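# Per-entry structural report
The primary structure of each chain is shown beneath.
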Amino acid sequence: MRYPTVISTFLALVRGVGIHPGPVRRGPRIHDLRHTFAVRCLLRWYREGANVDQKIAALATYLGHVNVTKTYWYLTAVPELLAIVGSRFEEFSQAQTGGES
C-alpha cells in the first residue's frame, strides 16, 4: 500500500466516525496508532514479566525502525513505562550491590 493511500483512507475513516479537527485541537494521526500499539505491547510485556530486551527487536522490526534505540524511546516517552523501567532498574541495582543504597 502506498503511504498517501493509507493516510487518505485513515482520514476518511476518522471523519466518517465524526472526528473532525478543530481550531485548537488537531485530529488523530495514523502515527498515534503506532505509538499506542508500541506502548501497549511494552506495558503488557512488563506486566507479564516477559524479557522485553528479547522481544523488542521484533517490535522494532514490526514498527519499521532501523535501529532498536528508536523503539526504546517509548520507554522514556510514557510516564507509566518510565516508572516500570525505573523500578526494575532499582531492583536490579540493589541486587547487584547486595541491597546497599
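The structure under discussion appears in the preceding block.
These remarks concern the structure in this document. Here the structure is a predicted model, which means the values were calculated and not measured. (Residues numbered from 1 in each chain as written. Predicted model: local features only at pLDDT ≥ 70, side-chain atom pairs only at ≥ 80, totals over all residues. Heavy atoms only, no water.)

### Some thoughts on the overall build of the protein chain
When helices and strands are counted, the protein chain shows five helices and zero strands. N-terminal to C-terminal, the α/β element order of the protein chain is α-α-α-α-α. In terms of overall dimensions, the protein chain is more spread out than a globule: its C-alpha atoms have a radius of gyration of 18 Å, far above the 13 Å expected for 101 residues. For the protein chain, the spread of C-alpha atoms along the three principal axes comes to 60 × 30 × 20 Å. For the protein chain, the proportion of its 101 residues judged to be buried stands at 24%. In the protein chain, 44% of the contacts between residues at least 6 apart in sequence involve partners at least 24 apart. With an accessible surface of roughly 7,500 Å², the protein chain has 59% of that area assigned to carbon and sulfur atoms. Positive and negative charge centroids in the protein chain, built from 12 and 7 side chains respectively, lie 19 Å apart. (Helix = DSSP H or I, 4+ residues; strand = E, 2+ residues; numbered from the N terminus. Rg over C-alpha atoms; globule rule 2.2 N^0.38 Å. Buried < 20%, exposed > 50% of the residue type's maximum accessible area, 1.4 Å probe, protein only. Contact = heavy atoms within 4.5 Å. Areas by Shrake-Rupley, 256 points an atom, 1.4 Å probe, with all protein chains shown as cover. Lys, Arg positive; Asp, Glu negative; His and termini not counted. Charge placed at Lys NZ, Arg CZ, Asp CG, Glu CD.)

### Section: the packing of helix H2 (residues 30-48) against helix H4 (residues 68-77)
Two numbers describe a pair of packed helices, the interaxial angle and the distance between the axes. Direction vectors running N to C along H2 and H4 enclose 75 degrees, while the axes themselves pass 10 Å from each other. Taken together, the axes of H2 and H4 lie roughly perpendicular to each other. Residues Arg 34, His 35, Ala 38, Val 39, Leu 42 and Tyr 46 of H2 pack against Trp 73, Tyr 74 and Leu 75 of H4. Class assignment of the residues belonging to the contact of H2 with H4 gives a composition of seven nonpolar, one polar and one charged. (Axes fitted to C-alpha atoms, helices over the stretch in contact; angles between N-to-C directions. Parallel < 35°, antiparallel > 145°, perpendicular 65-115°, else oblique. Nonpolar A, V, L, I, M, F, W, Y, C, P; charged D, E, K, R; others polar.)

### Focus on the pattern of salt bridges
For the coordinates displayed, the defined rule picks out three salt bridges. Across the pair Asp 32 and Arg 29 runs a salt bridge whose closest N-O atoms are separated by 2.8 Å. Residue Arg 29 is classed as partly exposed on the basis of its relative accessible area, which comes to 43%. Here Arg 44 ties to Glu 48 by a salt bridge, and the two come within 3.9 Å at their closest N and O atoms. (Salt bridge = Lys/Arg side-chain N within 4 Å of Asp/Glu carboxyl O.)

### A short note on H4
One full turn of an α-helix is made of 3.6 residues, so residues set three or four places apart face in the same direction. Along H4, the residues that are buried comprise Thr 71, Tyr 74 and Leu 75. Down the axis of H4, the buried side of the element spans an arc of 105 degrees, and every buried residue falls inside it. Turned more than 90 degrees off the buried face of H4, the exposed positions are Lys 70 and Thr 76. Among the structural elements, H2, helix H3 (52-63) and helix H5 (79-97) are those in contact with the buried residues of H4. With a side-chain oxygen positioned 2.9 Å from the backbone nitrogen of Thr 69, the residue opening H4 is Asn 67. (Arc of directions from axis to C-beta. Polar contact = N/O pair within 3.5 Å; in protein donor to acceptor, adjacent residues only side chain to side chain.)

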